[in-house]
Amino acid sequence: MELLTLAAGGTVAGTLSMPGSKSLSNRALLLSAFCAAPTALSNVLDADDIRHMRGAFKALGVAVAEQGESLVVQGPWQPGTPAEPIFLGNAGTAMRPLTAALALTPGTFELVGEPRMYERPIGDLVDALRQLGADIGYLGEDGYPPLKINGKKLAGGTLSVKGDLSSQFLSALLMAAPLCEGDVTIKVDGELVSKPYVELTLGLMAIFGVTAERPDDQTFVIKGACQYQSPGNYYVEGDASSASYFAAAGAIGGDVTIKGLFKGMLQGDVDFVDALEQMGAKVQWGEHQVRVQKGELKGIDIDANAIPDAAMTLATTALFAEGQTVIRNIYNWRLKETDRLHAMATELKKVGAEVEEGQDFIKVSRGKAIRYAEIDTYNDHRMAMCFALLALGNSTMGIRDPKCTAKTFPDFFARFAAIRKGI
Ligand SMILES: O=C(O)C1=C[C@@H](OP(=O)(O)O)[C@@H](O)[C@H](O)C1
Ligand SMILES: C=C(OP(=O)(O)O)C(=O)O
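Criteria and cut-off values
Residues numbered from 1 in each chain as written. Chains lettered and ligands numbered in written order. Predicted model: local features only at pLDDT ≥ 70, side-chain atom pairs only at ≥ 80, totals over all residues. Heavy atoms only, no water. Near = heavy atom within 4 Å. Polar contact = N/O pair within 3.5 Å; in protein donor to acceptor, adjacent residues only side chain to side chain. Areas by Shrake-Rupley, 256 points an atom, 1.4 Å probe, with all protein chains shown as cover. Nonpolar A, V, L, I, M, F, W, Y, C, P; charged D, E, K, R; others polar. Helix = DSSP H or I, 4+ residues; strand = E, 2+ residues; numbered from the N terminus. Domains from an automatic or database assignment. Buried < 20%, exposed > 50% of the residue type's maximum accessible area, 1.4 Å probe, protein only. Lys, Arg positive; Asp, Glu negative; His and termini not counted. Salt bridge = Lys/Arg side-chain N within 4 Å of Asp/Glu carboxyl O. Contact = heavy atoms within 4.5 Å. Pairing = 2+ DSSP bridges. Axes fitted to C-alpha atoms, helices over the stretch in contact; angles between N-to-C directions. Phe/Tyr/Trp six-rings, centres within 6.5 Å; stacked < 30°, edge-to-face > 60°. Buried area = accessible area lost by both parts, 1.4 Å probe.

### Structural notes on the site of ligand 1
Inspection of the region around ligand 1 gives 13 residues, with Arg27, Ser167, Ser194, Asp309 and Lys336 positioned closest. The separation between an oxygen atom of ligand 1 and a polar side-chain atom of arginine 27 is 2.6 Å. Isolated, ligand 1 exposes 390 Å² of accessible area, and the fraction of that covered by the protein chains is 96%. When grouped by side-chain class, the residues that make up the shell around ligand 1 number two nonpolar, seven polar and four charged.

### What to know about the site of ligand 2
Around ligand 2, the structure places 14 residues, and the nearest of them are Lys22, Gly92, Arg120, Arg382 and Lys407. Note that an oxygen atom of ligand 2 is positioned 3.0 Å from one of the side-chain N or O atoms of glutamine 168. If ligand 2 stood free it would expose 300 Å²; the protein chains cover 98% of that surface. At the level of elements, helix H3 (92-103) and helix H11 (381-388) are the ones that each hand at least two residues to the shell around ligand 2. In terms of residue class, the shell around ligand 2 is made up of one nonpolar, five polar and eight charged. Looking at the shell around ligand 2, you find at least three residues from each of domain 1 (22-221) and domain 2 (244-421).

### Here's the deal with the side chain of aspartate 269
Mapped onto the secondary structure, aspartate 269 falls in the loop between strand E15 (254-259) and helix H8 (272-279). No salt bridge is formed by the buried aspartate 269. Its closest oppositely charged neighbour is arginine 382, at 6.1 Å. Within the structure, aspartate 269 has its side chain in polar contact with the backbone nitrogen of alanine 310 (distance 3.3 Å). Among residues more than four places away in sequence, those in contact with aspartate 269 are Tyr197, Ala240, Ser241, Ala306, Ile307, Pro308, Asp309 and Ala310.

### Structural notes on the pairing of strand E9 (residues 147-151)
Only one face of E9 is buried: it carries Leu147, Ile149 and Gly151, and the other face, with Lys148 and Asn150, is open. In terms of strand pairing, strand E7 (residues 107-112) meets E9 through five bridges, oriented antiparallel. Looking at E9, one finds that glutamate 110 is bridged to lysine 148. Where strand E8 (residues 135-138) meets E9, four bridges bridge the pair, whose relative direction is antiparallel. Note that in E9 the partner of aspartate 135 across the bridge is asparagine 150.

### Examining the sheet that holds E9
As summarised here, the arrangement of the four strands in space is E6-E7-E9-E8, forming an open sheet in which the pairing is mixed. The sheet is open, and its two edges are formed by strand E6 (86-87) and E8, each paired on a single side. Two strands pair when backbone bridges link them, and E6 and E7 are joined in this way by two bridges, in the parallel orientation. Looking at E7, one finds that phenylalanine 87 is bridged to valine 112.

### Digging into the sheet that holds strand E17 (residues 289-293)
In spatial order, the strands read E16-E17-E15-E2-E24; together these five strands make up an open sheet with mixed pairing. Every interior strand has two partners, whereas the edge strands, strand E16 (282-285) and strand E24 (420-421), have only one. In this structure, E15 lies alongside E17, joined through five bridges in antiparallel fashion. Within E17, the residue paired with valine 256 across the bridge is valine 292. In the packing of H8 onto the sheet, contacts are made with E16 and E17, and the angle to E16 comes to roughly 140°. In the packing of helix H12 (residues 412-419) onto the sheet, contacts are made with strand E2 (11-17), E15 and E24, and the angle to E2 comes to roughly 125°.

### With respect to the packing of aromatic side chains
Counted by the stated rule, this structure contains nine aromatic pairs. Arranged with centres 5.7 Å apart and planes meeting at 75°, the rings of tyrosine 245 and phenylalanine 412 form a pair that is edge-to-face. Remark: phenylalanine 412 occurs in helix H12 and tyrosine 245 occurs in helix H7 (residues 240-253); sequence separation between them is 167 residues. By relative accessible area, which is 0% here, tyrosine 245 ends up buried. Each ring, one from phenylalanine 412 and one from phenylalanine 413, has its centre 5.0 Å from the other, and the planes form 80°; the classification is edge-to-face. The exposure classification of phenylalanine 412 matches that of phenylalanine 413, with both residues buried. One aromatic cluster in this structure is built from Tyr245, Phe246, Phe409, Phe412, Phe413 and Phe416.

### Topic: the domain arrangement of the chain
In terms of domain boundaries, the chain breaks down into domain 1 (22-221) and domain 2 (244-421). On a C-alpha basis, the centroid separation for the pair domain 1 and domain 2 is 29 Å. Listed as interface residues are 25 residues of domain 1 and, on the opposing side, 24 residues of domain 2. Taking both partners together, domain 1 and domain 2 bury about 1,800 Å²; carbon and sulfur atoms supply 50% of that area. Remark: the boundary between domain 1 and domain 2 carries one salt bridge. Where lysine 407 meets aspartate 49, a salt bridge forms, and the shortest distance between an N and an O atom there is 2.8 Å. Counting the contacts that link domain 1 with domain 2 gives 11 residue pairs in polar contact (both at pLDDT 80 or more). Elements that contribute at least two residues to the side of domain 1 that touches domain 2 include exactly helix H1 (22-34), helix H2 (48-60), strand E11 (184-192) and helix H6 (196-207). Sorting elements by how many residues they give to the side of domain 1 that touches domain 2 places H6 first, with six residues. Across the side of domain 1 that touches domain 2, the residue classes break down as 13 nonpolar, four polar and eight charged.

See the structure below:
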């Protein structure tokens with residue numbers, strides 16, 4: 001297995017913008033495909049998760065043309081039945097929305113993926129779609145992909161969905177609901193996690209002309225008459241979760257400005273910067289950028305349910321802080337690219353940190369000093385990226401399988417190297 005050795009120390013300085021948001025790229029591709037008129041998407045992320053959505057489009061016969069820096073998606077949504085199963089890797093933002101969309105589209109579809117995808121639950125989404133009359137079968141273990149979908153036009157109606165494992169189920173239902181002939185009323189059964197991703201979904205749907213009514217906190221109504229309308233052009237915001245590594249690098253070791261990261265953007269992970277500020281980083285917001293500078297960092301106690309991806313970055317930033325950092329309400333870290341709570345705890349211990357792994361929390365203190373380790377990354381892009389930060393301390397750091405960042409950030413290590421000075 002490839003091992004990347006990162007030199008120790010130095011400072012960080014630079015101004016950079018992020019590649020397009022993964023969450024918005026995959027949603028914008030899908031919503032564009034639902035529109036009758038073409039949509040030119042710019043700053044679309046070029047990474048594995050998006051390649052899987054584009055691969056699905058190819059298999060389904062949805063036309064995407066590269067025009068200069070833009071991708072032009074041509075609806076209307078009339079996919080053909082693909083000859084082969086559709087391979088979606090480990091992309092939750094492809095698997096969950098396509099399950100809902102294809103269940104409401106005439107045709108026969110098989111959705112398959114990497115082995116880890118078959119351990120990531122989808123039963124709550126399938127149960128919700130079945131309430132509308134969808135015909136979805138499990139090809140492996142009940143509740144998990146791979147799936148066989150006998151898609152058909154459905155009338156709509158009222159359904160309930162559980163959102164305590166992943167918000168992607170509700171997002172998938174919201175985006176696909178306009179494919180039904182009549183009104184769709186979605187009731188969230190119990191707790192909803194990762195809430196800002198649902199706001200992101202609704203925000204993007206509104207840009208594509210569909211507004212959900214929200215009679216109460218747990219209910220969403222999509223009128224059957226609502227049709228997606230192409231905005232013509234749409235620019236994908238820079239990825240706020242990817243920005244977390246660079247913002248943290250600024251907080252730990254210098255001075256970093258991230259263009260395109262601003263309060264009020266669609267992505268909730270922008271709030272990660274507030275957590276860094278709470279830890280002691282110096283933060284200055286500009287109109288469309290943020291500057292993060294080194295401060296005397298101290299541990300914080302944070303409920304990170306709203307920022308599950310960027311919160312991983314806090315766990316490694318904690319090793320540069322005085323005192324303990326507690327990250328709470330993150331049970332669903334266990335259901336993502338790997339069991340992230342266990343992986344994080346295991347690897348932090350290898351570098352000498354004091355760690356307590358709870359069922360839904362992690363407590364981290366730096367211990368005596370950060371020491372060299374070969375970090376296992378568990379085919380999880382975020383494990384590789386947040387452990388890269390540890391090289392900003394006094395010890396070199398080994399990152400195994402660094403190319404796993406291809407899921408969302410193929411050139412992460414080159415971009416990270418470019419802001420490091422004096423090493
Ligand atoms: O809807 C989305 O784009 C996402 C929602 C989150 O997942 P959960 O809702 O499963 O926490 C997040 O971790 C994932 O990277 C992207
Ligand atoms: C959880 C993640 O991915 P997915 O979209 O596959 O859920 C992630 O990118 O951290």
